[in-house]
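# Observations on the model geometry
Below are the chains, spelled out letter by letter.
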Amino acid sequence: MVENFDEWFHDILENANITDSRYPIKGMAIWMPYGFQIRKHSMNIIKKLLDKDHEEVLFPMLVPESELAKEGIHVKGFEDEVYWVTKGGQRELNEQLALRPTSETAIYPMYSLWIRTHMDLPIKYYQIVNTFRYETKHTRPLIRVREITTFKEAHTAHSTKEESDEQIQDFIAIYKEFFDELGIPYLISKRPEWDKFPGADYTMAFDVIMPNGKTLQIGTIHNLGQTFAKTFDITFEDKDGEHKLVYQTCAGVSDRVIASVIGIHGDETGLRLPPKVSPNQVTIIPILFKKGKEEVLAKCAEIKAQLEETGLRVNIDDRDIRPGKKFHDWELKGTPLKLELGPRDLENNITVAMRRDEGKKIEIALDSSLSDNVIDLLNKTQENLSESAWNFQKSHVKFTERLDEIKDLVETGNVVKFHWCGDEAIGRDIEEKTGYDILGIQEEISEGECISGKGNAKYIALMAKTY
Ligand code: PR8
C-alpha cells in the first residue's frame, strides 16, 4: 500500500462508496452516501468545537469582480484560479461574478458595514461551504479538487494585534483537538514568507505525512494583520474615541481532512475508520441457518436497540449472502467493531466481537454489561488508531546537519528537519539544491549553524515532498 498509495486511495474511494469521480467535470466529484456520512460526522466535530466561541453564517457564493479585485496581493494570488460567471441567461452581465475561491472578499465588505465600535468586536464567524479553484496542478479526489465541497472557513476581527495573535493560538488549539478526535497526527509549522496565504502577515499550517511519505496540508490559519481592513475600510471607534482599523485572522480546512482520515488509517484490506466518524460504529452480522433464523435476527435487533440507547450508531447486515462476504464488505468499509451472532452464540448467550484495527476475535456476554464492553472496545480502537498513526509520523521525521543528505531522506519518505538561518535567498537556494520545498519553520533556536554553512541558524526548518 505504501508504494501504491495513490492507486490504493483512488480505488478505496470507489469501492467503499465514498466518492464517484466520473462526473464529467475535472476535479469535481460526487459524495456517495457512505462518504457523505463520514464527512458529516467529521464536520460535526469541528462545528461543535467552533460553536463554543464562534457563530455560523452563510454568505453568497458569488463575489462581484470589483470586490475581488480590491485587495491587490490577494487577487494576484488567486487570479489564475478563479471561475467567472459572465452571463445571466442570454445576457452578458454588467459586472462579471466570481465563484468564491475563498470568501475574504465576500465577507469583509460586510464586516465594514457591521463593525462600528469596539463593542462590536471581536467578530468570530465561520461557514462551511463549497469554494471553487481552477487548480492547474494534477487534480486528485478530495486532495486537490476544483470544487472544494467541504470548505470550513472562519473569519475573525479584533481591536488589537495581541488579540489577533491570541486568536491564532485559539485556532491552533481547536485544530489540534479536531485532528486528535480523528486520530490524525500533525506537524504544525509557520509557512515561509514566499508560501503564505495571499494577503496574510503570516500563515500557520497543519500537515500530515501520508503513507507514501508525501505531506498533505490539512489546515491553515492566517494572521491577516490590517491588510484587508485597509482595503475594505473596516474601522471601529475605540474606547478613546479614535477611529482605528481592525486586526483580522482567518482559518480553513477542506475535503483534505477526509482524505487524511481515509489515507492515514487505511490498510491493505480497506478503511479503518475511527469510531468517532464511522457511519456505523458497530456492525452486527447474523450467521443464519434455516433453523433458528428468526430467533437470531430477533436477538440482533435487541442488541442493536440496547446499543443505540447509549447513542451508538449500529447497523445489522441481514443480507441473504454468505457471512464471509459480509465480513469482507465491512472490513473494506472499515466499521470499527463487528459483532457476529449465530445460533450457537445465542444458546451460549454470547457474541463474537472483532475489532477492525487489530483483527482479533473475543467473546462477550449478551447481558447488561454489553454496552460498556462495546464502548470500551471502541475507545481502545480509537486510541490504537491514533497511536499507530502518531508512531508512523514520529518515525518519519528525521533531523540532519548535512545538506547533501536531505534529498535522499525526503525521497525515502521522510520529513527532514534542519537548521536554517531564515534568509530567503539561502532558503530558495536550499530548495534548488535539494529539489524540494521548505514546508515551514517549527522553532526559533539560538544555537547551531545554518545547513548552508553560511552563518548562524535561527530556525528549525522542515522540508518534505508535498501533495
Ligand atoms: C484560505 N481563507 O482560503 P487556504 N482541494 C482541497 N483542499 C484545498 C484546495 C484544493 N484545491 N486548496 C486549498 N485547500 C483561508 C482560510 C478562508 C479560510 C485546503 O486558506 O487557501 C488547504 O490545504 O490555505 C487549506 O487547508 C484549506 O483548504 C484552506 O485554504
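Residues numbered from 1 in each chain as written. Predicted model: local features only at pLDDT ≥ 70, side-chain atom pairs only at ≥ 80, totals over all residues. Heavy atoms only, no water.

### Quick look at the packing of helix α13 (residues 403–411) against helix α14 (residues 424–434)
Where α13 contacts α14, the two axes come as close as 9 Å, and the packing angle between them is 55 degrees. The angle between the axes of α13 and α14 places the two elements in the oblique class. Once α13 is placed against α14, the crossing between them reads as right-handed. Residues Leu 403, Ile 406 and Lys 407 of α13 form the contact with α14, whose own contacting residues are Ile 430, Lys 433 and Thr 434. Along the lines of polarity and charge, the residues of the contact of α13 with α14 split into 3 nonpolar, 1 polar and 2 charged. (Axes fitted to C-alpha atoms, helices over the stretch in contact; angles between N-to-C directions. Helix = DSSP H or I, 4+ residues; strand = E, 2+ residues; numbered from the N terminus. Parallel < 35°, antiparallel > 145°, perpendicular 65-115°, else oblique. Left-handed = near helix turned anticlockwise from the far one by under 90°. Contact = heavy atoms within 4.5 Å. Nonpolar A, V, L, I, M, F, W, Y, C, P; charged D, E, K, R; others polar.)

### Digging into helix α10 (residues 323–333)
Given 3.6 residues per helical turn, the α-helix brings residues three or four places apart onto the same face. Along α10, the residues that are buried comprise Lys 326, Phe 327, Asp 329, Trp 330, Glu 331, Leu 332 and Lys 333. Looking at the packing, one finds that the buried side of α10 touches α1 (5–15), α2 (33–51), β15 (282–286), β16 (314–316), β17 (337–341) and β18 (350–355). The first or second residue beyond α10 is Gly 334, which carries a positive phi of 75 degrees. (Buried < 20%, exposed > 50% of the residue type's maximum accessible area, 1.4 Å probe, protein only.)

### Description of helix α12 (residues 370–394)
End to end, α12 covers 36 Å across 25 residues, agreeing with the expected 36 Å (1.5 Å per residue, within 8%). Within α12 the residues assigned to the buried category are Leu 370, Ser 371, Val 374, Leu 377, Leu 378, Thr 381, Gln 382, Leu 385, Ser 386, Ala 389 and Gln 393. (Expected span 1.5 Å × (residues − 1).)

### Side note on the sheet that holds strand β19 (residues 361–365)
Pairing in this open sheet of 5 strands is mixed, and the strands run β16-β15-β17-β18-β19 from one edge to the other. The two strands at the open ends of the sheet, each matched to only one other strand, are β16 and β19. Sheet twist, expressed as the average angle between the axes of neighbouring strands with direction ignored, equals 25 degrees. (Pairing = 2+ DSSP bridges.)

### Thoughts on the pattern of salt bridges
One pass over the full model with this rule turns up 31 salt bridges. In this structure, Asp 20 engages Arg 22 in a salt bridge whose closest nitrogen and oxygen atoms are separated by 2.7 Å. For Arg 22, a relative accessible area of 65% corresponds to the exposed category. Put simply, Asp 317, Arg 319, Lys 325 and Asp 329 are held in one network by salt bridges that share partners. (Salt bridge = Lys/Arg side-chain N within 4 Å of Asp/Glu carboxyl O.)

### Quick word on the side chain of Arg 256
Among the structural elements, Arg 256 can be located in helix α8 (residues 256–265). No salt bridge is formed by the buried Arg 256; its nearest oppositely charged neighbour, Glu 135, is found at 5.5 Å. Side-chain polar atoms of Arg 256 contact the backbone oxygen of Gln 217, separated by 3.3 Å. Filtering out sequence-adjacent residues up to four positions away, Arg 256 remains in contact with Leu 142, Ile 143, Arg 144, Leu 216, Gln 217 and Ile 218. (Lys, Arg positive; Asp, Glu negative; His and termini not counted. Polar contact = N/O pair within 3.5 Å; in protein donor to acceptor, adjacent residues only side chain to side chain.)

### Some points on the nonpolar core
Phe 178, Phe 179 and Ile 262 are the most contacted members of the largest nonpolar core, which totals 56 residues. Mapped by element, the contributors of at least two residues to this core are α1, α2, α6 (161–181), β10 (202–209), β11 (215–225), β14 (247–253), α8 and α10. Split by domain, the residues of this core number at least three in each of domain 1 (5–265) and domain 2 (282–380). Among residues more than four places away in sequence, those in contact with Phe 179 are Ile 184, Tyr 186, Phe 206, Ile 218, Val 253 and Val 257. (Core = buried A, V, L, I, M, F, W, Y, C linked by side-chain atoms within 4.5 Å. Domains from an automatic or database assignment.)

### Thoughts on the site of the ligand
Among the 22 residues in the neighbourhood of the ligand, the closest are listed as Glu 104, Glu 135, Thr 220, Ser 254 and Arg 256. Arg 133 places a polar side-chain atom, nitrogen or oxygen, 2.9 Å from an oxygen atom of the ligand. The separation between an oxygen atom of the ligand and a polar side-chain atom of His 222 is 3.1 Å. A total of 600 Å² of accessible area belongs to the ligand in isolation, and the protein chains cover 96% of it. Of all the secondary-structure elements, those providing two or more residues to the shell around the ligand are β8 (147–158), β11 and β14. When its residues are assigned to classes, the shell around the ligand shows 8 nonpolar, 8 polar and 6 charged. (Near = heavy atom within 4 Å. Areas by Shrake-Rupley, 256 points an atom, 1.4 Å probe, with all protein chains shown as cover.)

### Concerning the packing of α1 against α8
The geometry of α1 relative to α8 is characterised by a closest axis approach of 11 Å and an angle of 110 degrees between their N-to-C directions. Comparing the axis directions of α1 and α8 gives the class roughly perpendicular. Between α1 and α8 lies a crossing whose hand is right-handed. In this structure, α1 contributes Phe 5, Trp 8, Phe 9, Ile 12 and Leu 13 to the contact, and α8 contributes Ala 259, Ile 262 and Gly 263. Tallied by class, the residues present in the contact of α1 with α8 amount to 7 nonpolar, 1 polar and no charged.

### What to know about the UniProt feature "domain: Aminoacyl-transfer RNA synthetases class-II family profile" (unreviewed entry) in the chain
In this numbering, the UniProt entry assigns the feature "domain: Aminoacyl-transfer RNA synthetases class-II family profile" (unreviewed entry) to residues 47–274. In the segment residues 47–274, helix accounts for 28% and strand for 34%; the C-alpha atoms at its two ends are 18 Å apart. (UniProt positions renumbered as here; feature names shortened; annotations may be inferred.)

### A closer look at the sheet that holds strand β4 (residues 62–64)
What links the strands of a sheet is backbone hydrogen bonding, and the strands pair in either a parallel or an antiparallel sense. Read across the sheet, 3 strands follow the order β4-β6-β5 without closing on themselves; strand pairing throughout is antiparallel. The two strands at the open ends of the sheet, each matched to only one other strand, are β4 and β5 (83–88). The mean inter-strand angle of the sheet, taken between neighbouring strand axes irrespective of direction, is 45 degrees. Two strands pair when backbone bridges link them, and β4 and strand β6 (residues 91–99) are joined in this way by 3 bridges, in the antiparallel orientation. Looking across to β6, one finds that Leu 62 is bridged to Leu 99.

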